[in-house]
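Structural description and commentary
Each chain, letter by letter, is given below.
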Amino acid sequence: MLPRVPSAEVAKDGATRSHFRAFPFSLLKILLLFLALGLGFSLLSLYLTRYFGVQNVVTTSRPSYRPCFEEPNNFNRWIKPPSNSMHSMNDEELFWRASFVPRVKKYPFRRVPKVAFMFLAKGPLPLYPLWEEFLRGHERLYSIYVHSLPSYHANFPPSSVFYQRQIPSQVSEWGRMSMCDAERRLLANALLDLSNEWFVLLSESCIPLFNFSIIYKYLTKSQHSFVGSFDDPGPHGRGRYNRNMLPEVNITDWRKGSQWFAVTRTLAVNIVEDTTFYPKFKEFCRPPCYVDEHYFPTMLSIRAPQLLANRSFTWVDWSRGGPHPATFGSADITEEFLKKVIGDRSCIYNNQPSSVCFLFARKFAPSALEPLLNLAPSYLGFGQKQQKQS
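None of the values given here were measured: they were computed from a predicted structure. (Residues numbered from 1 in each chain as written. Predicted model: local features only at pLDDT ≥ 70, side-chain atom pairs only at ≥ 80, totals over all residues. Heavy atoms only, no water.)

**Considering the overall build of the protein chain**
Defined as follows: A run of H or I in DSSP counts as a helix once it spans at least four residues, and a run of E counts as a strand once it spans at least two, with each numbered from the N terminus. Relative accessibility decides the category of a residue: with a 1.4 Å probe and only protein chains considered, values under 20% of the type maximum give buried, values over 50% give exposed, and everything between is partly exposed. Contacts are assigned to residue pairs that have any heavy atoms within 4.5 Å of one another. Under the convention used here, a 1.4 Å probe and the Shrake-Rupley method define accessible areas, while residue burial counts only the protein chains that appear.
Helix and strand counts for the protein chain stand at 12 helices and 9 strands. With 390 residues in all, the protein chain has 42% of them scored as buried. For the protein chain, the proportion of contacts with a sequence separation of at least 24, taken over those separated by at least 6, is 78%. A total accessible area of about 22600 Å² is found for the protein chain, and carbon and sulfur atoms account for 57% of it.

Spelled out as structure tokens, the structure:
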């Protein structure tokens, strides 16, 4: 006969068994709740990604970061240029992106060719008021890019066409490959705008010699790019050649020319995408071989000689001697001087004789700005006559 268990202990034991029977059911409810929450979060994430894009989700949490390109979901995003010239791409990424070339040559939109004015400067652009007069009224036909020292911070007013037109830059040294890197960087940034068809490299000391309409027509109607490229048999030409450049560059291919150029979109892409000649020039063309005088003239004369005019479009005065051309200040800017610079010359344009050979001139000091603004309406064909102060 089993011993008798007190009723209190029986009640306690029954409550314990009931508790353990209820525990698995509570745990199951908790697990189901977590599963429902996880499923809901996943569906919400898919919805946000599908309709707003990954870039937008990221930039919401990082409001200070603005990507250069967003995931394109309509045609306008493919053809619209970046709204800001600053971006986070390094050179390798930038050159790769800029080398994209449409295989279908017919544009599926109304494309108005633009001229990209690319300023290679150390710091400020003291002559920018003259350029603003030159560009006034032609906003749909040009774009501006400025490469200056990384430490320089421009202070153009918001009303200026140069406002926020600086690109991500690096230090460049005259005669070194870093100078050509800066020029390639300007070209690559300008190539991001599909409407840019001509690419003009200028310095902070350059001025235009004609009004915008004349220069625009001269460039867009030209069958050739304006790159100085000639064979100099002397010590400052072939004398700088290094046999280590073989087999890519033979001494008979070696060319020299001015670093200031105007090239079409086709040649701009050739310059940016080059990985054949660049390493040779970077390693074997060092002072007294000045790479900015030889790299582009040699490379382009090998790749596309039929597209070159083989002359520069920028007037300079070497008559004073020395390694650099003459610089002109306030006292030099007279009516006679401008007549001399713009005067009749002889050159070849579209395989025909022409008296218009130079579109720009250099080097002009900051002090030349005021007399240039005064004489521009009468001799350069743009701007407004300045009021004389009493």
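Continuing now.
**Section: the pattern of salt bridges**
Two side chains that carry opposite charge are able to pair once their charged atoms sit near each other. Quick note on the threshold: The rule for a salt bridge is simple: a side-chain nitrogen of Lys or Arg has to be within 4 Å of a carboxyl oxygen of Asp or Glu.
The final tally for this structure, using the stated rule, is 10 salt bridges. Residues Lys114 and Asp193 are paired through a salt bridge, measuring 2.7 Å at the closest nitrogen-oxygen approach. One end of the pair, Lys114, is in strand E1 (residues 114–120); the other, Asp193, is in the loop between helix H6 (177–191) and strand E3 (196–203), and 79 residues separate them in sequence. Among the residues examined, Lys114 registers a relative accessible area of 14% and is labelled buried. A salt bridge links Asp274 to Arg303, with the nearest nitrogen and oxygen atoms 3.6 Å apart. In this pair, Asp274 is assigned in the loop between helix H8 (265–273) and helix H9 (278–284) and Arg303 in helix H10 (residues 291–303), connecting sequence segments 29 residues apart.

**Section: the sheet that holds strand E9 (residues 360–361)**
Cut-off, in case you're wondering: Strands qualify as paired when DSSP identifies two bridges or more between them.
Spatial strand order, E4-E9-E6: 3 strands in an open sheet with mixed pairing. With one partner strand each, in any of the chains shown, strand E4 (207–208) and strand E6 (314–315) form the two edges of the open sheet. Relative to E9, E4 runs antiparallel, the two sharing 2 bridges. By the bridge assignment for E9, Ile207 is matched with Ala361.

**Let's talk about the nonpolar core**
Looking at soluble globular proteins, one finds that nonpolar side chains tend to be buried together. As a reminder of what qualifies: For the purposes of this section, nonpolar cores are sets of buried Ala, Val, Leu, Ile, Met, Phe, Trp, Tyr and Cys residues that join through side-chain atoms within 4.5 Å.
In terms of nonpolar packing, the biggest core is built from 50 residues, with Phe117, Phe119, Trp131, Val200, Leu219, Phe360 and Phe364 touching the most fellow members. Leaving out residues up to four positions away in the same chain, Trp131 has contacts with Phe117, Phe119, Phe162, Leu202, Cys206, Ile207, Pro208 and Phe360. Ranked by size, the runner-up nonpolar core spans 46 residues in total, among them Met179, Trp260, Cys289 and Leu308.

**Overview of the side chain of Ser195**
Topologically, Ser195 is positioned in the loop between H6 and E3. Leave out the neighbours within four places in its chain, and Ser195 touches Arg111, Val112, Pro113 and Lys114.

**A look at the sheet that holds strand E5 (residues 262–264)**
Within a beta sheet, neighbouring strands are joined by backbone hydrogen bonds and run either parallel or antiparallel to one another. Which entries qualify depends on this criterion: Axis lines are fitted to C-alpha atoms, over the contacting stretch for helices. Their N-to-C directions set the angle, which ranges from 0 to 180 degrees.
Spatially, E2-E1-E3-E5 is the arrangement adopted by the 4 strands of the open sheet, whose pairing is mixed. Where the open sheet ends on each side, the last strands, each with one partner, are strand E2 (142–147) and E5. Across this sheet, the average inter-strand angle for adjacent strands is 20°, counted without regard to direction. Where H8 meets the sheet, its contacts fall on E3 and E5, and the angle it forms with E5 comes to roughly 100°.

**Quick notes on the packing of aromatic side chains**
Which entries qualify depends on this criterion: To pair, rings of Phe, Tyr and Trp, with the six-membered ring standing in for Trp, must have centres within 6.5 Å; the planes then decide the type, stacked if under 30 degrees apart, edge-to-face if over 60, and tilted in the middle. Counting as a charge over the ring demands two things of the Lys NZ or Arg CZ atom: a distance within 6 Å of the ring centre and an angle within 35 degrees of the ring normal.
Applying the stated criterion across every chain yields a total of 33 aromatic pairs. Between Trp315 and Phe337, the aromatic rings sit 6.2 Å apart at their centres with planes inclined by 80°, giving edge-to-face as the arrangement. Here Phe337 lies in helix H11 (residues 335–342) and Trp315 lies in strand E6, a separation of 22 residues in the sequence. Of the two residues, Trp315 and Phe337, both sit in the buried class. Residues Phe328 and Phe364 carry aromatic rings whose centres are separated by 5.6 Å and whose planes lie at 40° to one another, so their mutual orientation is tilted. Pair noted here: Phe328 is in the loop between E6 and H11 and Phe364 is in the loop between E9 and helix H12 (369–380), with a separation of 36 residues, a long-range link. The pair Phe328 / Phe364 is uniform in exposure class, with both members buried. Just above the ring of Tyr145 sits the side chain of Arg165; from NZ or CZ to the centre is 5.2 Å.

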